[in-house]
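# Descriptive analysis of the structure
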Amino acid sequence: MPNQAQPGTGEQAKQLALGQLREAILRGDMAPAQRLVENELAEQFGVTRASIRAALIELESQGLVERIRNRGSRVRVVTVDEAVAITECRLVLEGLCAAKAAAAVTDAQVTELNALGMSMRKAVADGEPLVYSELNHELHARIREFSGQLTAVELLERLNAQLVRHRFQLALRPGRPQQSLNEHLAMIEAIGARDPQAAEAAVRAHLTSVIEALRD
């Protein structure tokens with residue numbers, strides 16, 4: 001990454017470091033419990049240690065990083081119990097978003113959701129769990145977007161960021177994509193039918209299934 005094109009200090013440098021670190025954690029490039037050494041990160045991103053420290057504090061507030069006394073920062077480890085608790089909160093908020101989306105969805109948006117459903121079918125049929133996982137993530141994001149419920153969307157973005165490792169693990173579990181495919185197709189069908197109650201119920205059923213899978 002060329003340093004000369006990057007700001008070294010100030011708010012812009014902090015935002016640069018914050019964005020790069022967040023993406024690395026969300027992509028799984030930085031594993032849970034991996035130490036985040038300020039000097040190394042400052043050199044990597046071409047910013048000051050102060051900018052890295054400020055970025056790590058922000059990521060801590062987002063639940064992605066934890067500070068260990070006398071040992072610095074590391075990527076936060078989200079336990080199964082925490083993942084279940086987070087998913088229980090998602091169940092309520094995503095159910096709300098699905099109901100809102102069903103009430104407001106346009107014909108073009110229904111077409112987009114149906115296309116995502118077809119892509120998800122193909123990914124499962126082709127045995128591509130990581131492709132399916134990304135499409136799964138995109139479907140939920142589109143439903144949140146179509147809901148127009150900005151407060152719920154903001155809360156869900158923070159919650160979902162903490163579940164990346166568990167999401168990938170579930171996607172790779174034998175048989176899990178096949179099981180969740182029908183749950184996602186039911187969500188798409190209910191929203192396409194503009195049935196808020198059915199849409200909320202479909203999302204709740206899906207996330208209840210996710211909780212059961214996490215506990216297995």
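Everything numeric here is computed off the predicted structure, so don't read it as measured data.

Basis of the calculations
Residues numbered from 1 in each chain as written. Predicted model: local features only at pLDDT ≥ 70, side-chain atom pairs only at ≥ 80, totals over all residues. Heavy atoms only, no water. Pairing = 2+ DSSP bridges. Helix = DSSP H or I, 4+ residues; strand = E, 2+ residues; numbered from the N terminus. Salt bridge = Lys/Arg side-chain N within 4 Å of Asp/Glu carboxyl O. Buried < 20%, exposed > 50% of the residue type's maximum accessible area, 1.4 Å probe, protein only. Core = buried A, V, L, I, M, F, W, Y, C linked by side-chain atoms within 4.5 Å. Axes fitted to C-alpha atoms, helices over the stretch in contact; angles between N-to-C directions. Parallel < 35°, antiparallel > 145°, perpendicular 65-115°, else oblique. Left-handed = near helix turned anticlockwise from the far one by under 90°. Contact = heavy atoms within 4.5 Å. Nonpolar A, V, L, I, M, F, W, Y, C, P; charged D, E, K, R; others polar.

### Considering the pairing of strand S3 (residues 72-75)
As judged from the two bridges shared by strand S1 (residues 35-36) and S3, these two strands associate in the antiparallel manner. If you follow Leu36 over to S3, its bridge partner there is Ser73. Hairpin connection between strand S2 (residues 65-68) and S3: a loop of three residues separates the two successive antiparallel strands, and Asn70 in this loop has a positive phi of roughly 65 degrees.

### As for the pattern of salt bridges
Across all of its chains, the model carries 15 salt bridges by this definition. The residue Arg167 makes a salt bridge to Glu134 at a minimum N-O spacing of 3.9 Å. Residue Arg167 is located in helix H8 (residues 164-172), and its partner Glu134 is located in helix H6 (residues 129-147); the two are separated by 33 residues in the primary sequence. For Glu138, the salt bridge identified is with Arg142, shortest N-O distance 3.9 Å. You can see Glu138 and its partner Arg142 sitting in helix H6, four residues apart, about one turn around the helix. We classify Glu138 as partly exposed; its relative accessible area is 31%. Given the relative accessible area of 24%, Arg142 is considered partly exposed.

### Topic: the nonpolar core
One finds Leu113, Leu139, Ile143 and Ile191 to be the most contacted residues of the largest nonpolar core, which totals 41 residues. Counting residues per element, the ones that place at least two in this core are helix H4 (80-104), helix H5 (107-125), H6, helix H7 (150-161), helix H9 (176-192) and helix H10 (196-215). For this core, the element with the most residues is H4, which contributes nine residues. Within the second largest apolar cluster, 22 residues are counted, among which are Ala17, Leu26, Val65 and Val164.

### Observations regarding the sheet that holds S3
Within the open sheet, the three strands sit side by side as S1-S3-S2. Their pairing is antiparallel. Either end of the sheet is taken by a strand with one partner, and the two such strands are S1 and S2.

### Quick word on the packing of H6 against H8
With their axes 9 Å apart at the nearest point, H6 and H8 run at an angle of 130 degrees to one another. Viewed along their axes, H6 and H8 adopt a mutual orientation that is oblique. Where H6 crosses over H8, the two elements pack in a sense that is right-handed. Where H6 abuts H8, its residues Pro129, Leu130, Ser133, Glu134 and His137 lie against Arg167, Phe168, Ala171 and Leu172. Its residues assigned to classes, the contact of H6 with H8 shows five nonpolar, two polar and two charged.

### Notes on unusual backbone geometry
Of note in the backbone geometry, Ala33 takes a positive phi value of approximately 80 degrees without being a glycine. In this fold, Ala33 is placed in the loop between helix H1 (10-27) and S1. Take Ala33: its relative accessible area is 35%, and that puts it in the partly exposed class.

### Examining the environment of Glu128
Among the secondary structure elements, Glu128 is positioned in the loop between H5 and H6. Along the primary structure Glu128 and Leu16 are separated by 112 residues, whereas in three dimensions their C-alpha atoms are 33 Å apart.

### Some details on the environment of His206
Secondary-structure assignment places His206 in helix H10. Along the chain, His206 and Gly192 lie 14 residues apart, while their C-alpha atoms are 17 Å from each other. Ignoring sequence-local partners within four residues, the contact set of His206 consists of His140, Arg176, Ser180, Glu183, His184 and Met187.

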